[in-house]
Structure formats: C-alpha cells, structure tokens
Amino acid sequence: MKVGVVDYDAGNLKSVQTALAYLGVDQVVSSNPEELLAADRLVFPGVGDASSAMRVLRSRGLDAMIREFVSRGDPVLGICLGSQIVLERSEEGNADCLGIVPGVSVRFPQGTGLKVPHMGWNQVSFRKGHPLFRGIPQGTSFYFVHSYYTQPSRADLVLCESEYGEKFCCGLLAGNLAATQFHPEKSGEYGLKLLSNFLYWDPERTY
Amino acid sequence: MLEKRLVVCLDVRDGKTTKGIKFQGNVDIGDPVEMARLYYEQGVDELVFYDITASSERRGIFIDVVERVAAQIFVPFCVGGGIGSVEDMRAVLLAGAEKISVNSQAVLNPEIINAGAAAFGAQCIVLGMDAAGDPDMKSGYRVVINGGRTPTDKDALEWALEAERRGAGEIVLNSIDADGTQDGYEIPLTRMISEAVGIPVVASGGAGKPEHLAEVLSEGKADAALVASMVHYGSYSIAEIKQHLDAAGLPVRLTYRPE
C-alpha cells in the first residue's frame, strides 16, 4: 500500500512525513497529480491561508486530482487546512474552496476573550465506534492550532467535535473522505493511533 | 475544553542539554533527544529547545538534534536561539520544528516577526521575552536581552503588544528575576501580559514545585507553564505535575497513551 501526501507549499509537511515513516508506511510526497493518483490512499495536510492554498492547488491541477481521488472511492484524510478547504468556501480571504463537502469555514469570534488562534490540546468527542477512532478513548485530547473551523451544512457530516467557547465541528466525514482540524501527527500516541487507523480504514464497511 | 499545557525546556549546547543558573555557568545534563523522548513518553504537551551554542559553525550539530527529535517525538516543539533571519527559521522548520522562537534578535530587528509570520504563518512565530522588574518602566518591567545581561529601552507590556501586532502567535514570557530561583513564577508580570494580549502566553522562570505551576496557570492566567530543572533533575515527573494540576481543578491532558 502506498500513501500519497499532497505537497502544495502550505506549511510544513515534515511532521506528517515523519509520522507516516514512523508507522512504517510507503509514502510518496508530491505535487504531481499523476504520481498522487497512483497512490492507494491520500493524506491532504496543510497549514496557512485558504485562498493562497487554493491558488496553488488550482495552478498545479491538484484540485481536480483530489476530487478524482475522492470520487473513485479510495480513502482520503484531510488535516487542518486540508479539512477546511474540502468545503465549499472559507471566510478566510473569502476563498472558493474544493466544494467536495457542503459547508463553510468560519473564524472563531473575536473580542469574546477567547485567544485566537485556538492553540493547544483540546478534548475531542467522536462518533461512537467509528473505525478511525478505534482504540482511542472518548474525550482524548488532540493538538490544535487554527483560527478558522469547519461548519458543514449537515449534522451527518460531523465526525467529531470539540469545545472552544462553544462546541465546534473538528472533523468531517463524507463517505471515503475524512478530515480532522487537529493534527494527529502532533497528537502523541493517540494521534499516531488515528493515523494508523486511517491506514486500515475501509470506508465501505459499515461499523 | 482547551487544556493548560505543560512545556519542558531544554537548553542545548554543542548537542548536549545544559543547565545554568541565572545564565552563569552551565553544566551538561544529558542527551537532548533521549531526554525529549522520555518526557514524550511521560505525556509532555510540548517541548522547547534553545540553541545556546556560542559559535555559528557548530549550528549543524543543533539542526541534527532537531531532526532526530522530529523523527521520534510526536508532540509540537519549538526551537529558539540564534535565529536572525527567515532563512534560519526555514532551516529549523524543515528539520521538523513546529514553531520558532525569536528573542534578542526580535528586539534588535522587530521586522523579523513580520517577515516570519508572513512566510510561515503567525502560529509558527513565538516571541521569547526576558523581562526584569524595573520601577522606571511604565508597566514595571523592562525587556532585557542576551540572556538577561543587556537591558533595553523597551517596556515589557508594550513590547508584548507590539509583537502581537507584528504577527507573533505566542509569547514565552521569562522572568529574569525568578529564573533559576525555583521559588515560583512571577505572577503579576505573567497576569499583566496574559490579560493584555490575545495570543497564548507561556510562563517561564522560577518553577520549583507543582504548586508554582498551578498558581501561574490560575492566578497568573498563563495558557501554559514551562519547566526545566524541576524535571531534569528528577525531582518531579511529568505525571506528578499533571496530577497535581488536575487535583487543583485545572484542565490538563492526563490520557496520553493507549493501554
């Protein structure tokens, strides 16, 4: 099995690479759509600004590649910015995004005494029994660093939630596409567990 | 609920972890990669590595440490010391660090904060600030640089606000007066800065026992507390500190590894 890691100049891919290497998986880190389409699973990380990320994705044909990967049914995992830009739009730079999942990314409210970015470890409650969280206790903390969060348009698209000021969606699930706002590659042993669960995930199997 | 972070700091000189008191005299206390791995296994939330190597030609040794840490430690870590340009920042980020801390260099050239935030995002750029009590300053605290040896004309509160405006995503606030004493953090300083800025503040300097962390994370309003000696010499484990914080009613990450 080969995992493709999408390289589109959006932040540092090193931590995702080292975590996958630590798990012993064969990976290809690339910005070439054909090389990535040859992989069996896709990891779509990213840190940074939604509108510039979308610009780079389009200029390299990676937007079409991600859509194709999703539509052919192979497992895809978006991380952080990667979870936001699968939605239709982001408030950040009012960017049109990939539109694979209905919904928008919105900013945490300012002036409420909440520090933004939301940075640090926060507890995550997830859909009970979902295979991506196998072996992970309900309420386990994961590492976040972000100012925008995902607001899918339907409740059935929510994989997991956390709380910062109020409850927010911190993970999406749409068929074979899963995405987390937090960084599993920086969330200690349970983060590695989630990544490892992704490597075994069969989206067609009901749970 | 967002948890209070426990951050362990390792000063690295020529590839070894070292510890000094009030920046006078350093002793090597171990291999930073092995120490970091141990803290990781004990559930540390974040690590900071400061390169205090004197000569720039030995910088490669430090980058090698960063790379080895990144390969086996899966919690965020910040790297500081001797970072004077966007290129220096890029080198440590490519080696696997999450965040970069700038201290004296930012005082001498504040534009480096803007440049770093523009290139890598505000979440990457940490302002390290050493502050010393000084009644002549408006806030009561003066920014000092070069490890506390050189006073500047900057007021600590004003500098924190300026750094935030320039794009810093976090502040590691070190009290020069408390540093090395193990008598507790400088609460009024920490509280003042933390209440004034909209970015997270990591309290540093003075930790000697778990009660000190509980105090700075509650009364001091810090988002995270940094420790060094109290864990390096085995006086307390990460778990002991966290259990104390949990018992004090502070939200901390207690579940950190599969059974």
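So, a few notes on the structure that sits alongside this text. (Residues numbered from 1 in each chain as written. Chains lettered and ligands numbered in written order. Predicted model: local features only at pLDDT ≥ 70, side-chain atom pairs only at ≥ 80, totals over all residues. Heavy atoms only, no water.)

### Some points on the packing of helix α1 (residues 32-41) of chain B against helix α2 (residues 59-72) of chain B
Residue and element names in this part refer to chain B. Stated precisely, the cut-off is as follows: Think of each axis as a best-fit line through the C-alpha atoms, taken over the contacting stretch in the case of a helix, with angles from 0 to 180 degrees between the N-to-C directions. Helix and strand definitions here come from DSSP, where helices need a minimum of 4 consecutive H or I residues and strands a minimum of 2 consecutive E residues; each element is numbered from the N-terminal end. Note on terminology: angles under 35 degrees are roughly parallel, angles over 145 are roughly antiparallel, angles of 65 to 115 are roughly perpendicular, and the others are oblique. The sense of a crossing depends on the near helix, which, turned anticlockwise from the far helix by less than a right angle, makes the crossing left-handed and, turned clockwise, makes it right-handed. We call two residues in contact when some of their heavy atoms are within 4.5 Å. Gly counts as polar in this scheme, as do all residues outside two lists: the nonpolar Ala, Val, Leu, Ile, Met, Phe, Trp, Tyr, Cys and Pro, and the charged Asp, Glu, Lys and Arg.
For the pair α1 and α2, the least separation of the axes is 9 Å and the interaxial angle reads 25°. Judged on the interaxial angle alone, α2 and α1 are roughly parallel. In this structure, α1 crosses over α2, and the sense of that crossing is right-handed. Across the interface between the two elements, P32, V33, R37 and Y40 from α1 touch V65, R68, V69 and Q72 from α2. Here the residues of the contact of α1 with α2 sort into 5 nonpolar, 1 polar and 2 charged.

### Observations concerning the pattern of salt bridges
Residue and element names in this part refer to chain B. Put simply, the test is: Every case where a carboxyl oxygen of Asp or Glu lies within 4 Å of a side-chain nitrogen of Lys or Arg is listed as a salt bridge. Accessibility here uses a 1.4 Å probe with only protein chains present; expressed as a share of the type maximum, an area under 20% marks a residue as buried, one over 50% as exposed, and anything in between as partly exposed.
As enumerated under the stated definition, the model contains 20 salt bridges over all chains in all. One salt bridge in this structure joins E41 and R37, with 2.9 Å as the shortest N-O distance. Remark: R37 and E41 occur in helix α1; sequence separation between them is 4 residues, near one turn of the helix. Residue R37 is classed as buried on the basis of its relative accessible area, which comes to 17%. Here R68 makes a salt bridge to D64, at a shortest N to O gap of 3.2 Å. Of this pair, R68 and D64 are both found in helix α2, 4 residues apart, which corresponds to roughly one turn of the helix.

### Here's the deal with empty space enclosed by the protein
This is how it is decided: Computed over the protein atoms alone on a 1 Å grid, cavities are sets of points where a 1.4 Å probe fits but cannot get out and pockets are open sets with protein on both sides within 12 Å along at least five of seven lines; a residue lines them when it has an atom within 4 Å of a point. Grid points are joined across faces, edges and corners, and a volume is the space filled by probe spheres set on the points.
In the structure shown here, the tally under the stated rule is 2 cavities of 30 Å³ or more. A volume near 70 Å³ is recorded for the largest cavity. Residue lining of the largest cavity: G188 and E189 of chain A together with Y40, E41, G43, V44, V75, R253, Y256 and R257 of chain B, and that is the complete set. Where the lining of the largest cavity is concerned, the elements lending two or more residues are α6 (188-200) of chain A together with α1 of chain B. Per-class residue counts for the lining of the largest cavity are 4 nonpolar, 2 polar and 4 charged. Here the second largest cavity defines a volume of roughly 40 Å³. Looking at the lining of the second largest cavity, the elements with two or more residues in it are β1 (5-13), β4 (46-51) and β10 (170-175) of chain B. Counted by class, the lining of the second largest cavity contains 5 nonpolar, no polar and 3 charged residues.

### Considerations on the packing of aromatic side chains
All names here are of chain A. For clarity, the threshold we go by: Any pair of Phe, Tyr and Trp rings, taking the six-membered ring for Trp, is counted once the centres come within 6.5 Å. Such a pair is stacked with planes under 30 degrees apart, edge-to-face with planes over 60 apart, and tilted for the rest.
Throughout the structure, instances matching the rule amount to 15 aromatic pairs over all chains. Ring plane angle 40° and centroid distance 5.4 Å describe the contact between Y8 and F44, whose orientation is recorded as tilted. Remark: F44 occurs in strand β3 (residues 41-44) and Y8 occurs in the loop between β1 (2-6) and α1 (14-22); sequence separation between them is 36 residues. By relative accessible area, which is 1% here, Y8 ends up buried. Under the relative-accessibility criterion, F44 is labelled buried at 1%.

### Topic: the interface of chain B and chain A
In plain terms, the rule: Defined in terms of a 1.4 Å probe, buried area is the accessible area two parts forfeit on being brought together, summed over both. N or O atoms within 3.5 Å of each other form a polar contact, as long as, within protein, one can give a hydrogen and the other can take it, and as long as residues adjacent in sequence are counted only when both atoms are side-chain atoms.
Taken together, the contact pairs 38 residues of chain B with 29 residues of chain A. Between chain B and chain A, a total of about 2700 Å² is buried, with carbon and sulfur atoms accounting for 57% of that surface. Counting the contacts that link chain B with chain A gives 2 salt bridges. One salt bridge connects D223 of chain B with K115 of chain A, and the closest N-O pair in it is separated by 2.9 Å. Our enumeration of links across chain B and chain A arrives at 16 residue pairs in polar contact (both at pLDDT 80 or more).

### Here's the deal with the environment of D136 of chain B
All names here are of chain B. Locating D136 in the fold gives a position in the loop between β7 (125-133) and β8 (141-145). Overall, the relative accessible area of 66% leaves D136 in the exposed class. Expressed as a C-alpha distance, the spacing of D136 and D155, which sit 19 residues apart in the sequence, is 9.5 Å.

### Describing the pairing of β1 of chain A
All names here are of chain A. Put simply, the rule is: Any two strands are treated as partners once DSSP identifies two or more bridges connecting them.
Of all 5 residues in β1, 4 are buried; the element is thus mostly enclosed. Two strands pair when backbone bridges link them, and β1 and β3 are joined in this way by 3 bridges, in the parallel orientation. Across the sheet, residue G4 finds its bridge partner in β3, namely L42.

### With respect to the environment of L127 of chain B
All names here are of chain B. With respect to the helices, strands and loops of the structure, L127 is situated in strand β7. By relative accessible area, which is 0% here, L127 ends up buried. Residues L127 and A106, spaced 21 residues apart in sequence, show a C-alpha to C-alpha distance of 7.7 Å. When sequence neighbours within four positions are dropped, the list of residues in contact with L127 reads V102, A106, I113, W159, A163, A168, E170, I171 and V172.

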